[in-house]
Amino acid sequence: AGWPAQSLRRLRHALHCSDHWERLVKEAQATIGASGISVARSVELLLGLVAAWRALRESLWAQFGLSQQARSAAPLVSAVVDRLATEGRQSGDAAALQRLATLLADPSS
């Protein structure tokens, strides 16, 4: 009785979102300089970053401000998109490129 169960669930969800975001950021950092990463995998990573950012933004962490994460995410996401633009044309992976185009055309991304 008296336990703030709802608040604890929200905090646990926020921590999960933050941990997931950090894992994806580390994966993206490793991917940028790596060779042999498929265009499809890079698109999946970018989609994951967008979804994780949305979840993080909507979680409890949004109350604390996301300006630091946003400043670090912008150049990272830009580097992933640049890599996709460069390698995508050479790959011939039309399905992955279509998913990328859909993501980039989505105004909510």
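Bear in mind that the values here come from a model prediction, so they are computed numbers and not experimental data. (Residues numbered from 1 in each chain as written. Predicted model: local features only at pLDDT ≥ 70, side-chain atom pairs only at ≥ 80, totals over all residues. Heavy atoms only, no water.)

## Remarks on the environment of Ser42
The cut-off we apply is this: The helix count covers DSSP runs of H or I at least four residues long, the strand count covers runs of E at least two residues long, and both are numbered beginning at the N terminus. Burial classes follow relative accessibility: with a 1.4 Å probe on protein chains only, a residue under 20% of its type's maximum area counts as buried, one over 50% as exposed, and anything between as partly exposed. Whether two residues are in contact is decided by their heavy atoms, any of which lying within 4.5 Å being enough.
By the element assignment, Ser42 lies in helix α2 (residues 39-58). Among the residues examined, Ser42 registers a relative accessible area of 3% and is labelled buried. For the pair Ser42 and Glu87, spaced 45 residues apart in the sequence, the C-alpha separation amounts to 10.0 Å. Not counting the four nearest positions on each side in its chain, Ser42 is found in contact with Thr31, Ile37, Val80, Arg83 and Leu84.

## Details of the packing of aromatic side chains
For clarity, the threshold we go by: Think of it this way: a Phe, Tyr or Trp ring, Trp meaning its six-membered ring, pairs with another when their centres are within 6.5 Å, and the plane angle makes it stacked under 30 degrees, edge-to-face over 60, tilted otherwise.
Following the criterion strictly, the structure yields 1 aromatic pair and no others. Between Trp21 and Trp53 the ring centres are 5.2 Å apart and the planes differ by 55 degrees, which places this aromatic pair in the tilted class. You can see Trp21 sitting in helix α1 (residues 5-33) and its partner Trp53 sitting in helix α2, a full 32 residues away along the chain. For Trp21, a relative accessible area of 3% corresponds to the buried category.

## Focus: the nonpolar core
Short version of the rule: Here, the term nonpolar core denotes a set of buried Ala, Val, Leu, Ile, Met, Phe, Trp, Tyr and Cys residues that are joined through side-chain atoms within 4.5 Å.
Core analysis: the biggest nonpolar cluster contains 20 residues, and Trp21, Ala28, Val43, Leu46, Leu49 and Leu84 have the highest contact counts within it. Ranked by residues supplied to this core, first place goes to α2 with 8 residues. Apart from the residues lying within four places of it in its own chain, the contact partners of Leu49 are Trp21, Leu24, Val25, Ala28 and Val77.

## Some remarks on the pattern of salt bridges
To keep things clear, this is the line we draw: Only one rule defines a salt bridge in this text: a Lys or Arg side-chain nitrogen within 4 Å of an Asp or Glu carboxyl oxygen.
Using the criterion set out here, one finds 4 salt bridges in the structure. Here Glu27 ties to Arg41 by a salt bridge, and the two come within 2.1 Å at their closest N and O atoms. One end of the pair, Glu27, is in helix α1; the other, Arg41, is in helix α2, with 14 residues separating them in the sequence. For Glu27, a relative accessible area of 30% gives the class partly exposed. Owing to a relative accessible area of 35%, Arg41 belongs among the partly exposed residues under this scheme. Arg99 is the salt-bridge partner of Glu44, the closest N and O atoms lying 2.2 Å from each other. Of the two residues, Glu44 sits in helix α2 while Arg99 sits in helix α4 (residues 94-105), which places them 55 residues apart along the sequence. The class of Arg99 is partly exposed, set by a relative accessible area of 39%.

The values are spatial; any link to function lies outside them.
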